[in-house]
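# Close look at the chain arrangement
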Amino acid sequence: QVQLVESGGGLVQAGGSLRLSCAASGSIFSINTMGWFRQTPGKEREFVAAIFWSGGSTVYADSVKGRFTISRDNAKNTLYLQMNSLKPEDTAVYYCAARRLISTVPEYWGQGTQVTVSS
């Protein structure tokens with residue numbers, strides 16, 4: 001089992017920045033990929049960014065490319081999402097997720113952290 005706890009959400013004006021953190025614990029050795037998803041009321045959860053835990057390769061949704069940066073600190077078992085040039089449409093609950101190599105979909109989820117961008 002893997003436990004994920006997000007932090008760092010809040011209220012920010014358009015054009016501002018926030019950094020989200022996700023602390024992982026438990027069977028960390030089993031993690032292959034970690035990522036961030038977001039969800040707004042009435043919509044499906046959507047992919048934001050992902051990073052391969054060992055090699056560090058990254059993938060981004062087109063909507064956040066050039067503005068968001070995903071990174072990880074293996075020593076601290078922590079995942080980050082640096083969000084710059086925030087837009088009102090980035091407002092959502094952001095979730096940290098993780099999966100093992102044998103899985104093609106996220107298996108573990110955090111509780112979510114609210115990000116609100118005011119215009």
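Each remark here, short or long, concerns the structure printed above.
The rules we used
- Residues numbered from 1 in each chain as written.
- Predicted model: local features only at pLDDT ≥ 70, side-chain atom pairs only at ≥ 80, totals over all residues.
- Heavy atoms only, no water.
- Helix = DSSP H or I, 4+ residues; strand = E, 2+ residues; numbered from the N terminus.
- Rg over C-alpha atoms; globule rule 2.2 N^0.38 Å.
- Buried < 20%, exposed > 50% of the residue type's maximum accessible area, 1.4 Å probe, protein only.
- Areas by Shrake-Rupley, 256 points an atom, 1.4 Å probe, with all protein chains shown as cover.
- Lys, Arg positive; Asp, Glu negative; His and termini not counted.
- Charge placed at Lys NZ, Arg CZ, Asp CG, Glu CD.
- Disulfide = S-S within 2.5 Å.

### Topic: the overall build of the protein
Looking only at helices and strands, one finds zero helices and eleven strands in the protein. The secondary structure elements of the protein, listed N-terminal to C-terminal, are β-β-β-β-β-β-β-β-β-β-β. Here the protein has a C-alpha radius of gyration of 13 Å; the compact-globule value for 119 residues is 14 Å, and the two agree. Along the longest, intermediate and shortest principal axes, the C-alpha atoms of the protein span 40 × 25 × 25 Å. Counting all 119 residues of the protein, 43% fall into the buried class. Summed over all atoms, the accessible surface of the protein reaches about 6,100 Å², with 51% contributed by carbon and sulfur. Separation between the mean location of the 11 positive side-chain charges and that of the 8 negative ones in the protein comes to 4 Å.

### Observations concerning the state of the cysteines
Chemically, a disulfide is nothing more than a covalent bond linking the sulfur atoms of two cysteines. According to the stated counting rule, one finds one disulfide in the structure shown. Covalently, Cys22 is tied to Cys96 through a disulfide, its sulfur atoms 2.1 Å apart. Here the S-S torsion is close to -75 degrees, and the disulfide linking Cys22 with Cys96 is therefore left-handed. Taken together, the positions of Cys22 in strand 3 (residues 18-26) and Cys96 in strand 9 (residues 92-100) put the pair 74 residues apart, joining distant regions of the chain. A relative accessible area of 0% places Cys22 in the buried class.

Interpretation note: all reported values are geometric properties and have no functional meaning in isolation.
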